[in-house]
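Structural features, examined
Here is what each chain is made of, one letter per residue.
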Amino acid sequence: QVQLVESGGGLVQPGGSLRLSCAASGIIFSAYIMAWYRQAPGKQRELIALITSTGNTNYAVSAKGRFTISTDNAKNTMYLQMNDLKPEDTAVYYCHIPSGPGRRAYWGQGTQVTVSS
């Protein structure tokens, strides 16, 4: 059974930093594309960053230069380092493995990030 468990969210002041973690079990995620999404109240879920099995990364415009996605294959864990946080970064952040041939998509339960003074 595949499980994705996010952690590391919380309340932070504007300009602050947080590091989100996504621990995977039941799947060797280093073989797949992994991604971070977020969903703010009243808005659609949006892709923030992704990392391929070869380590290539891609970021949303809103995240570029401030967020860094990475993985620790030994720990089967993905991270999102978020710096210079802004109030508009407030959202629930989800880790995600897209569907593939013979494989469904997986989502974590989400972790709340609130940026406020």
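Residues numbered from 1 in each chain as written. Predicted model: local features only at pLDDT ≥ 70, side-chain atom pairs only at ≥ 80, totals over all residues. Heavy atoms only, no water.

Bringing the side chain of D89 into the picture now. Topologically, D89 is positioned in the loop between β8 (77-82) and β9 (91-97). Polar contacts involving the side chain of D89 include one to the side chain of R38, which spans 2.9 Å. Setting aside residues no more than four positions away along its own chain, D89 makes contact with R38, R66, F67, D84, V113 and V115. (Helix = DSSP H or I, 4+ residues; strand = E, 2+ residues; numbered from the N terminus. Polar contact = N/O pair within 3.5 Å; in protein donor to acceptor, adjacent residues only side chain to side chain. Contact = heavy atoms within 4.5 Å.)

Right, let's talk about the state of the cysteines for a bit. Counted according to the given criterion, the structure contains 1 disulfide. Each sulfur of the disulfide joining C22 and C95 lies 2.1 Å from the other. Around the S-S axis, the bridge from C22 to C95 shows a dihedral of about 55 degrees and counts as right-handed. Remark: C95 occurs in strand β9 and C22 occurs in strand β3 (residues 18-25); sequence separation between them is 73 residues. For the residue pair C22 and C95, the accessibility class agrees, reading buried in each case. (Disulfide = S-S within 2.5 Å. Buried < 20%, exposed > 50% of the residue type's maximum accessible area, 1.4 Å probe, protein only.)

It is worth spelling out the environment of Q109 at this point. Secondary-structure assignment places Q109 in the loop between β10 (106-107) and β11 (111-115). Separated by 88 residues in the primary sequence, Q109 and S21 have C-alpha atoms spaced 12 Å apart. Here Q109 is in contact with L4, V5, E6 and Y94, once residues within four sequence places are set aside.

Below, the discussion takes up the packing of aromatic side chains. One pass over the full model with this rule turns up 2 aromatic pairs. Relative to W107, the ring of Y37 lies with its centre 5.0 Å away and its plane at 70 degrees, an arrangement referred to as edge-to-face. Linking Y37 in strand β4 (residues 34-39) with W107 in strand β10, this pair joins segments that are 70 residues apart in sequence. The interplanar angle of 90 degrees and the centroid separation of 6.3 Å between the aromatic rings of Y94 and W107 together place this pair among those described as edge-to-face. One end of the pair, Y94, is in strand β9; the other, W107, is in strand β10, with 13 residues separating them in the sequence. Classification of W107 by relative accessible area gives partly exposed; the value is 36%. An aromatic cluster of three or more residues is present, and its members are Y37, Y94 and W107. Stacked on the ring of Y94, the Lys or Arg R45 has its end atom at 3.7 Å from the ring centre. Over the ring of W107 we find R45; its NZ or CZ atom is 4.6 Å from the centre of that ring. (Phe/Tyr/Trp six-rings, centres within 6.5 Å; stacked < 30°, edge-to-face > 60°. Lys NZ or Arg CZ within 6 Å of the ring centre and 35° of its normal.)

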